[in-house]
Amino acid sequence: MTLSKRAFAEFLGTFWLVFGGCGSAVLAAAYPQFGIGFYGVAFAFGLTVMTMAYAIGHISGCHLNPAVTCGLVAGKRFPALELMPYVVAQVVGGILGAGFLYVIASGKAGFELGAGFAANGYAGHSPGGYSLLSCFVAEALLTFFFLMIIMGATDRRAPAGFAPIAIGFGLTLIHLIGIPVTNLSVNPARSTGPAILVGGWALAQLWLFWVAPIIGGTVGGVLYAGVFEAGTRTAETVVATRSRAAQASAKGD
């Protein structure tokens with residue numbers, strides 16, 4: 001599959017993640033009498049990733065997240081030369097996903113972008129009023145564990161076919177923990193789309209939702225690869241070398 005097609009898959013997947021996840025928060029979370037609340041929003045984000053993982057995982061890997069792509073590069077699961085095309089596709093997809101959500105949401109009388117539009121924030125713009133330090137640590141730590149889940153679930157030694165379920169439910173759990181803290185990001189592309197539309201404070205605080213997730217994701221990728229894969233890679237290399245030597249010997253005979 002060409003890089004352009006894989007990047008386009010990332011664009012579509014990230015569009016779906018932002019439109020579906022943020023859409024559940026903007027359109028359905030507090031709907032009169034039938035609002036889905038935090039639980040529904042958390043599951044919506046998990047379901048967007050799970051459905052796209054089955055739809056495009058075999059095409060692009062279904063990163064949908066610059067922090068995930070950075071973590072996979074750091075964990076030697078993805079080529080560094082393809083990092084930027086993926087990130088650009090993810091960010092553009094997130095912005096357009098937020099744009100289409102705005103077109104729908106603004107069609108209702110009384111809609112106000114100032115209400116937040118599912119933007120992420122810290123301190124005075126944290127849903128629970130959490131400090132900058134608390135929000136930074138939460139975003140970095142939760143992204144770290146998200147990468148650990150992704151790396152482990154997609155490990156060749158893991159049961160085949162179940163990775164999207166583990167990753168989707170992992171993201172659901174992460175949202176259940178983090179929504180009260182920052183409105184939960186762990187994904188710079190998800191944060192960028194709503195922030196551009198809200199402007200002002202959302203853009204001013206956007207830096208945290210790039211820096212913290214990328215740090216957490218990169219550390220997660222490096223740690224998993226260094227601790228849980230280093231030995232297996234060495235063993236696989238030894239086995240492969242012995243196999244080639246045996247084949248060469250057999251041909252010589």
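Described in the following lines is the structure provided in the data block.

About the thresholds
Residues numbered from 1 in each chain as written. Predicted model: local features only at pLDDT ≥ 70, side-chain atom pairs only at ≥ 80, totals over all residues. Heavy atoms only, no water. Salt bridge = Lys/Arg side-chain N within 4 Å of Asp/Glu carboxyl O. Helix = DSSP H or I, 4+ residues; strand = E, 2+ residues; numbered from the N terminus. Buried < 20%, exposed > 50% of the residue type's maximum accessible area, 1.4 Å probe, protein only. Expected span 1.5 Å × (residues − 1). Bend = angle between axes of the 7 residues up to and from the residue. 1 Å grid on protein atoms, 1.4 Å probe; cavity = no way out; pocket = protein on both sides within 12 Å on 5 of 7 lines; lining within 4 Å. Points joined across faces, edges and corners; volume = space filled by probe spheres on them. Core = buried A, V, L, I, M, F, W, Y, C linked by side-chain atoms within 4.5 Å. Contact = heavy atoms within 4.5 Å. Phe/Tyr/Trp six-rings, centres within 6.5 Å; stacked < 30°, edge-to-face > 60°.

1. Points about the pattern of salt bridges
For the structure shown, the criterion picks out 3 salt bridges. Two residues, R6 and E82, come together in a salt bridge whose shortest N-O distance is 2.7 Å. Within this pair, whereas R6 is found in helix α1 (residues 3-28), its partner E82 is found in the loop between α3 (66-74) and α4 (83-105), the two being separated by 76 residues in sequence. E229 serves as the salt-bridge partner of R77, at 2.6 Å between the closest nitrogen and oxygen. Of this pair, R77 sits in the loop between α3 and α4 while E229 sits in helix α9 (residues 208-252), placing them 152 residues apart in sequence. For R77, a relative accessible area of 28% translates into the label partly exposed.

2. As for helix α6 (residues 163-182)
Helix length check: α6, at 20 residues, gives a terminal C-alpha distance of 27 Å against a target of 28 Å (1.5 Å per residue), a fit within 8%. Considering bend angle alone, the principal kink of α6 is centred on L176 and spans about 40 degrees; proline P180 follows within four residues of it. One or two steps after α6, the chain reaches N183, where phi turns positive at roughly 75 degrees.

3. Topic: the layout of surface pockets
Considered as a void within the structure, the largest pocket measures approximately 770 Å³ in volume. As for the largest pocket, its lining consists of 35 residues, and the residues nearest its centre are A25, V26, L27, F117 and A118. Going through the elements one at a time, α1, α2 (37-60), α4 and α6 are the ones with two or more residues in the lining of the largest pocket. For the lining of the largest pocket, the element with the highest residue contribution is α1, accounting for 5 residues. The computed volume of the second largest pocket comes to approximately 450 Å³.

4. Notes on unusual backbone geometry
Unlike most non-glycine residues, L184 shows phi in positive territory, near 55 degrees. Look at L184 and you get buried, because its relative accessible area is 1%. At V186, a position not held by glycine, the phi torsion is positive, near 50 degrees. In this structure, V186 sits in the loop between α6 and α7 (188-198). By relative accessible area, which is 1% here, V186 ends up buried.

5. Concerning the nonpolar core
In a soluble, globular protein the nonpolar side chains are often hidden away together inside. Counting 44 residues, the largest nonpolar core has L72, F146 and I167 as its most contacted members. Listed by contribution, the elements that provide at least two residues to this core are α1, α2, α3, α4, α5 (132-153), α6, α7 and α9. Among the elements that make up this core, the one with the highest residue count is α5 (8 residues). Sequence-distant contacts of L72, defined by excluding residues within four places in its chain, comprise H63, R77, F78, L147, I150 and M151. Counting 8 residues, the second-largest nonpolar core is a separate cluster that includes Y122, C135, F209 and A212.

6. Structural notes on the packing of aromatic side chains
Counting across every chain of the model gives 12 aromatic pairs. When the centroid spacing of 5.8 Å and the interplanar angle of 15 degrees are considered together, the rings of F8 and F11 count as stacked. Taken together, the residues span about one helical turn, with F8 and F11 both in helix α1 at a distance of 3 residues. A relative accessible area of 47% places F8 in the partly exposed class.

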